[in-house]
Amino acid sequence: MSETTMLEAIRTSLAEAMRADERVVVLGEDVAAGGPWGATAGLADEFGVERVRNTPISEAAICGVAIGLAQSGLRPVVEVMFVDFVTLALDQLVNQAAKAHFMSGGQLAVPLVLRTQGGAGQRGGAQHSQSLESWLAHVPGLKVVMPSTAADAAGLLRSAIADPNPVVFVENKTLYFRREEANGSEPVLLGRARVARRGRDVTVVATSRLVSEALAAAEELAREGIEVEVVDPRTLVPLDLDAIVESVSRTHRLVVAHEAVEHGGFGAEVAAQVQSAAFDELDAPIERVGAPFAPVPFSPPLEDAYLPDRADVTTAVRTLLRRSA
Amino acid sequence: MSETTMLEAIRTSLAEAMRADERVVVLGEDVAAGGPWGATAGLADEFGVERVRNTPISEAAICGVAIGLAQSGLRPVVEVMFVDFVTLALDQLVNQAAKAHFMSGGQLAVPLVLRTQGGAGQRGGAQHSQSLESWLAHVPGLKVVMPSTAADAAGLLRSAIADPNPVVFVENKTLYFRREEANGSEPVLLGRARVARRGRDVTVVATSRLVSEALAAAEELAREGIEVEVVDPRTLVPLDLDAIVESVSRTHRLVVAHEAVEHGGFGAEVAAQVQSAAFDELDAPIERVGAPFAPVPFSPPLEDAYLPDRADVTTAVRTLLRRSA
Amino acid sequence: MVSPAEVDAALGLELLRGMWRIRAFEERVGQLTRADEVHGLVHLSIGQEAVAVGVCGQLSSRDAVYGNHRAHGHAIAKGAPLAALMAELMGRDGGLCRGLGGSMHLVDVEHGFLGATGVVGGNVPLALGSALASRLAGHDAVAAVFFGDGAAQGGIFVESVNLAALWALPVILVCENNGFAEFTPRSAHSPVERVADVVAPYGLERATVDGNDVDAVRRAFAGFLEAARRGEGPFLLECLTHRLRGHYEGDPQRYREAIAQEEWQRRDPIRRLERRGLDEGWLDDDTPARVEQETREEVEEAVRVARESPYPEPALTSELVYA
Amino acid sequence: MVSPAEVDAALGLELLRGMWRIRAFEERVGQLTRADEVHGLVHLSIGQEAVAVGVCGQLSSRDAVYGNHRAHGHAIAKGAPLAALMAELMGRDGGLCRGLGGSMHLVDVEHGFLGATGVVGGNVPLALGSALASRLAGHDAVAAVFFGDGAAQGGIFVESVNLAALWALPVILVCENNGFAEFTPRSAHSPVERVADVVAPYGLERATVDGNDVDAVRRAFAGFLEAARRGEGPFLLECLTHRLRGHYEGDPQRYREAIAQEEWQRRDPIRRLERRGLDEGWLDDDTPARVEQETREEVEEAVRVARESPYPEPALTSELVYA
Ligand SMILES: Cc1ncc(C[n+]2csc(CCOP(=O)(O)OP(=O)(O)O)c2C)c(N)n1
Ligand SMILES: Cc1ncc(C[n+]2csc(CCOP(=O)(O)OP(=O)(O)O)c2C)c(N)n1
Ligand SMILES: [Mg+2]
Ligand SMILES: [Mg+2]
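Okay, so let's go over this structure.

Thresholds, definitions, all that
Residues numbered from 1 in each chain as written. Chains lettered and ligands numbered in written order. Predicted model: local features only at pLDDT ≥ 70, side-chain atom pairs only at ≥ 80, totals over all residues. Heavy atoms only, no water. Helix = DSSP H or I, 4+ residues; strand = E, 2+ residues; numbered from the N terminus. Expected span 1.5 Å × (residues − 1). Buried < 20%, exposed > 50% of the residue type's maximum accessible area, 1.4 Å probe, protein only. Least-squares fit on C-alpha atoms with pLDDT ≥ 70 in both. Contact = heavy atoms within 4.5 Å. Pairing = 2+ DSSP bridges. Right-handed = clockwise from strand over helix to strand, strands pointing away. Donors = N, O, S within 2.8 Å, 3.2 Å for Na, K, Ca; no water. Near = heavy atom within 4 Å. Polar contact = N/O pair within 3.5 Å; in protein donor to acceptor, adjacent residues only side chain to side chain. Areas by Shrake-Rupley, 256 points an atom, 1.4 Å probe, with all protein chains shown as cover. Nonpolar A, V, L, I, M, F, W, Y, C, P; charged D, E, K, R; others polar. Axes fitted to C-alpha atoms, helices over the stretch in contact; angles between N-to-C directions. Parallel < 35°, antiparallel > 145°, perpendicular 65-115°, else oblique. Left-handed = near helix turned anticlockwise from the far one by under 90°. Salt bridge = Lys/Arg side-chain N within 4 Å of Asp/Glu carboxyl O.

Topic: helix H6 (residues 150-162) of chain B
In an α-helix, one full turn covers 3.6 residues, which means residues spaced three or four apart are oriented alike. All names here are of chain B. The end-to-end C-alpha distance of H6 is 19 Å, a good match for the 18 Å that 13 residues give at a rise of 1.5 Å each. Burial analysis of H6 places 11 of its 13 residues in the buried class, the great majority of the element. Buried residues of H6: Ala150, Ala151, Asp152, Ala153, Ala154, Gly155, Leu156, Leu157, Ser159, Ala160 and Ile161, and no others.

Here it is as structure tokens:
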């Protein structure tokens, strides 16, 4: 089987979507030049610059243009280079895109995909390293996707593009270049969790970069006979609560792990839902793994210490087991 | 004792702060004309238009100007007319204001207050009725205040203006004109919850408009012998978790109530923290009261049905009592 | 360029009726707001009707139009049925948006009214998207967007103008410059008096016209429209006008000068067209009153129908979050 | 208006040294980035030094300066100590910002460098605030802000220009127009070639100069500065320049044309000032090499000191979230 990377998978999936449906157009800063990572490299050559459009540094307007395109029957995929800059486009995304279908009484639909990437780990400093997906998950009308593998990225992107709603597709910069087995790009339904590893002792719900961290933690803990089940929801909205509750009803212990600041992060929502849906199943309080309540520090050792990782997952699992022993 | 309203209390508190400290300046759309509700009425007459500055409809720039003023030694109070439009200023607020002290290694301070108001109930439609405070509470470096009474509004505003950090002060439009006893405007410390009503059976943590709703629910339930304790955290960041946990350790049951969309709302964070800090104290899962996962509908009966209110709090309390009976 | 048709009896009457329809509708909306039958933040365009009518009358339902917070006139001129519009303002299930939108969020896809927006300036880039969609599809449909002078100081506006010019999009930006944003005059918002001057650097063709002269609006727009149909653009049409009512229904209007008010009453676009029609002889003495009467009856009928429409079921709220 | 001083030996040398200090520093930063001693997204201003030096050399530490993502030169020219700067880029506790900021977020309050920003355009309104603070305090301090041509298409820029003009703030907007934003030329970002033209409607005084001629920058800025000290403003100074390096260290630069590169090497601001000094006789043959040598030694010393600084303790992260 051949190898791929998430970046390659995204590029391929975009190209396939554009080939399959001429309504799909791509726009964003430097996208015709491939973008800083190359996620759109080659698309302008194949599809032309009318469908792969470079834009000025005008995050708000380009999201607005994408909404107009979507309302007029096209399927725009708009790129915002860093999720940190989605802050500039939130009126468009939240007040216009997310509400257009609703406010129009169902007349309008906004089938757009906003691709962006977040996360720390590359010494980008506090303004280029954030994880802001919990904001988006608080907005009715948006769907929120966070792939953790190349295959999922490809398959979820296809579904996102096909979806009649605005979908925010949040990639993680540190996952772009990891090599993985290529698994084709079958569409992956939005709202279906993936059990990344089976285990009977503790459930770890992890997203994006934390999925591989959780798997690494599980590997380590397995050596001590602790069997961790790792569940990747893949989409925060819609959330596959059933899959999570099903897992927790077997393990009776839950860790929720993400890179975003723990306070107000999406883990809080998962914890709140699970304690409500499976209160009697829980043998110990739900543990959360997330970043501390601080901006992302630049200094490498500080950033490393700041970033939630496998060690934090391991600690959380051990804490849980101790509490419920 | 004389009467006041929250609006009057805010206006008085602003005027007092401006009298006491000439570094305090007010800026925002139409503020010299008093603003749409009159929160700044009369200030321009007393302090002049250099200190009470009308601005164009440029939410991002005026927040940026406020940051520059704050970094240069002034104490700006900037008004964003609706919290829905804070979406236009989030880069400034989140990427600049919240991180300046941190990213500068402590050299800069940004003592600004951003006053805004949110909430539904006035048929304003989906773009003028949101409650977005959970976004702000997810941002390290910001403080987040949500007053529920006139006296608290006045006192918290004084503290917010005196605070060396950026503070977002989120008012609620439906509370502006309610008449209350005037209690002076002693500064109220940020980070101190207020127990609005004592009770032994269930704790309801409520914010902003939901505080009076929770009190009304408590009144009703008291008639059946159910004693509800109502805790108003008053500030989401910093959060007085101790006060909440102390209450829960007596009542063993918790409802968290706010107007914001429940999914991803601040109630999730409170629930996650409390289940962690007081797992063994809880006799039933934490109940959340919040808006459904939908934009705010315009149609009056739909908006009324959508809005979390005393009936929802009552239902949540009853559910809890049933579950833990 | 074909020069736009002269105003004759047929066209003159159409324009007059178009303006009266808006006027009669909004006067009724004002009353119903005070009677608490119409809800929310209601911004009337009374005094500004010439802009909506001069612009939308020339568009087809395939052309996309976007309005702002003061959009009843835009929607009506684009063809939205009065009863559904009134029902929307009353929050009824028979409303254009089934009562979910309200005054600031009118949409009528059937007639190409792709939406009003309550966030000042937020509608402008959407029109660019519709224009681009039309070009990519090889259509000659254009897009037009209405916004106030207050929007010109928002970043999204200038971002959009730059982008529209860069991509030469067939979009027509229509500014209703009424000299005020809420309670403060334009001079408190910008040192640039004319919005047409704000966009000058981007090289788009632009014109500033008397926005209370429906024929002037119509002519200027016609020229832009013809070029836009050929795929040219963007264009900016600035219409100098005045709202005869408060910023919103209920506005105490402390900032108003009585003298200016009187002057503007005289420049009322409806009265002006009537005077002209009488002068030029294509209107006879009885027609204005008849047109007024007929549009008021249309509106009454709309109110009647709207009142009969039930409120939506509360369940609708959760049904329409996702498509 | 007093005309700015002529370039003589003292001034010429100061300007030359100022540019060499930045050049030597950044060349070393480039090496250290490849050696993984300097971290993160590193944007060098090599080729653009004349702007920072021509501007900041005339300001005092009471004047507020803001930089953008390409701000090493701005900070150095404003007086930031090289060792603390280098330590910052290395993430050390002895860094200007104790290692918390990094290359894109340099701050040196002591020298009036109030901050660099990684979000394009995000720094502009902050400078307005500093200028307003100065006016309200009755000071003659001014504010200046550096930004690239790419920022001029962001809404925040035009919002800020409008506001600065409306309030007549003593702020000088300094555009480093290097013709590129990341990998795409200005023509892909705007139909308006000159940023000075973008702001024309707002009526602010503005000038476009050869940004590779430090004396031209200095003279144009001097005029604006003098007026700004009297409380006038705002001003825009557009400096046409070119970055001789990639957008960031590591940029494969596929978009570059070799010919343009050569042309710009010839226009290197340092070489040009050297040639001029030799021509005009205020520089002798040996001095350029000596200045280069001395600044390289300064930088080496800075590297040495920076390397000795420890990394901060991880606890620092949670200590500096709130003031
Ligand atoms: C982004 C934003 N800021 C503030 C407001 C509040 N607001 C509503 S209308 C208005 C004035 C708009 O003026 P203009 O664009 O000239 O339109 P007009 O009301 O004069 O027709 C303001 C400030 C808003 N709706 N959106
Ligand atoms: C708001 C925002 N969008 C996108 C980026 C990514 N980005 C970093 S630098 C840059 C180009 C900036 O060009 P310009 O302002 O001309 O400055 P230059 O790099 O040429 O000095 C871009 C797009 C960013 N930092 N901020
Ligand atoms: Mg106006
Ligand atoms: Mg540039």
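Once the structure has been displayed, the description carries forward.
Some thoughts on the relation of the copies chain A and chain B
Overlaying chain A on chain B yields an RMSD of 0.0 Å, the required transformation being a rotation through 180° with an accompanying axial translation of 0.0 Å. Classification of the inter-copy transformation places it as that of a two-fold axis. The overlap is high: 100% of the interface residues of chain A also sit at the interface in chain B, so the same surface is used on both sides.

Observations regarding the pairing of strand S4 (residues 75-80) of chain B
Residue and element names in this part refer to chain B. With 6 of 6 residues buried, S4 lies mostly within the body of the structure. On S4, burial covers both faces: Arg75, Val77 and Glu79 on one face and Pro76, Val78 and Val80 on the other are all buried. Looking at chain direction, strand S2 (residues 24-28) and S4 are connected through 5 bridges and run parallel. Bridge assignment links Val26 to a residue of S4, and that residue is Val77. Looking at chain direction, S4 and strand S5 (residues 113-118) are connected through 4 bridges and run parallel. Paired with Val80 across the bridge in S5 is Thr116. Regarding topology, helix H4 (residues 90-103) serves as the crossover connection from S4 to the parallel S5, and that connection is right-handed.

A few points about the coordination of the magnesium ion (ligand 4)
Residues and elements named next belong to chain D. For the magnesium ion (ligand 4), the full set of protein donor atoms is Asp149 (OD), Asn178 (OD1) and Phe180 (O), and the range of their distances to it is 2.0 to 2.1 Å. Residue class for Asp149 comes out buried when judged on its relative accessible area of 2%. Classification of Phe180 by relative accessible area gives partly exposed; the value is 21%.

Concerning the site of ligand 2
Not every one of the 21 residues close to ligand 2 is listed here, only the nearest: Glu59 of chain A together with His69, Arg70, Gly118 and Gly150 of chain D. Residues lining ligand 2 come from chains A and D. Ala151 of chain D has a polar backbone atom sitting 3.4 Å from an oxygen atom of ligand 2. For ligand 2, an oxygen atom lies 2.8 Å from a polar atom in the backbone of Phe180 of chain D. When ligand 2 sits alone it has 580 Å² of accessible area, and the protein chains cover 98% of it. Taken together, the residues of the shell around ligand 2 sort by class into 9 nonpolar, 7 polar and 5 charged.

Re the site of ligand 1
Every one of the 21 residues lining ligand 1 counts as a neighbour, but Glu59 of chain B together with His69, Arg70, Gly150 and Asn178 of chain C are closest to it. One finds residues of chains B and C in close proximity to ligand 1. At 2.6 Å, a side-chain N or O of Glu59 of chain B approaches a nitrogen atom of ligand 1. Residue Glu182 of chain C places a side-chain N or O atom 3.2 Å away from a nitrogen atom belonging to ligand 1. For ligand 1, whose free accessible area comes to 580 Å², the fraction covered by protein is 98%. Considered class by class, the residues forming the shell around ligand 1 number 9 nonpolar, 7 polar and 5 charged.

Re the packing of helix H3 (residues 59-71) of chain B against helix H5 (residues 124-136) of chain D
What describes two packed helices is the angle between their axes and the distance between those same axes. Relative to each other, H3 of chain B and H5 of chain D sit at 50°, their axes nearing to 6 Å. Relative to H5 of chain D, the element H3 of chain B lies oblique. For the crossing formed where H3 of chain B meets H5 of chain D, the hand is right-handed. Between H3 of chain B and H5 of chain D, the contacting residues are Ala61, Gly64, Val65, Ile67, Gly68, Leu69 and Gln71 of chain B on the first element and Pro125, Leu126, Leu128, Gly129, Ser130, Leu132, Ala133 and Leu136 of chain D on the second.

Some points on the sheet that holds strand S9 (residues 194-197) of chain B
Residue and element names in this part refer to chain B. Ordered in space as S9-S11-S10-S13-S14, the 5 strands form an open sheet in which the pairing is mixed. Strand pairing shows two members of the sheet lacking a second neighbour, S9 and strand S14 (287-291), which therefore form its edges. For this sheet, the mean inter-axis angle between neighbouring strands, taken without regard to orientation, is 25°. Two elements, strand S10 (residues 202-206) and strand S13 (residues 254-261), share 4 bridges in a ladder whose sense is parallel.

Brief notes about the pattern of salt bridges
Inspection of every chain in the model, using the stated rule, returns 110 salt bridges over all chains. Linking Glu246 of chain B and Arg250 of chain B is a salt bridge whose minimum nitrogen-to-oxygen distance equals 2.8 Å. Of the two residues, Glu246 of chain B and Arg250 of chain B both sit in helix H8 (residues 241-251), 4 residues apart, roughly one turn of that helix. What makes Glu246 of chain B partly exposed here is its relative accessible area of 39%. Residues Arg266 of chain D and Glu263 of chain D are paired through a salt bridge, measuring 3.3 Å at the closest nitrogen-oxygen approach. Note that Arg266 of chain D and Glu263 of chain D are positioned in helix H9 (residues 258-266) at a spacing of 3 residues, about one turn of the helix. Salt bridges linked by common partners bring Glu6, Asp215, Arg218, Arg219, Arg276 and Glu280 of chain C together as one network.

Looking at the environment of Ala325 of chain A
Within the fold, Ala325 of chain A resides in the segment after helix H11 (310-323). Between the C-alpha atoms of Ala325 of chain A and Asp283 of chain A, which are 42 residues apart in sequence, the distance is 8.7 Å.

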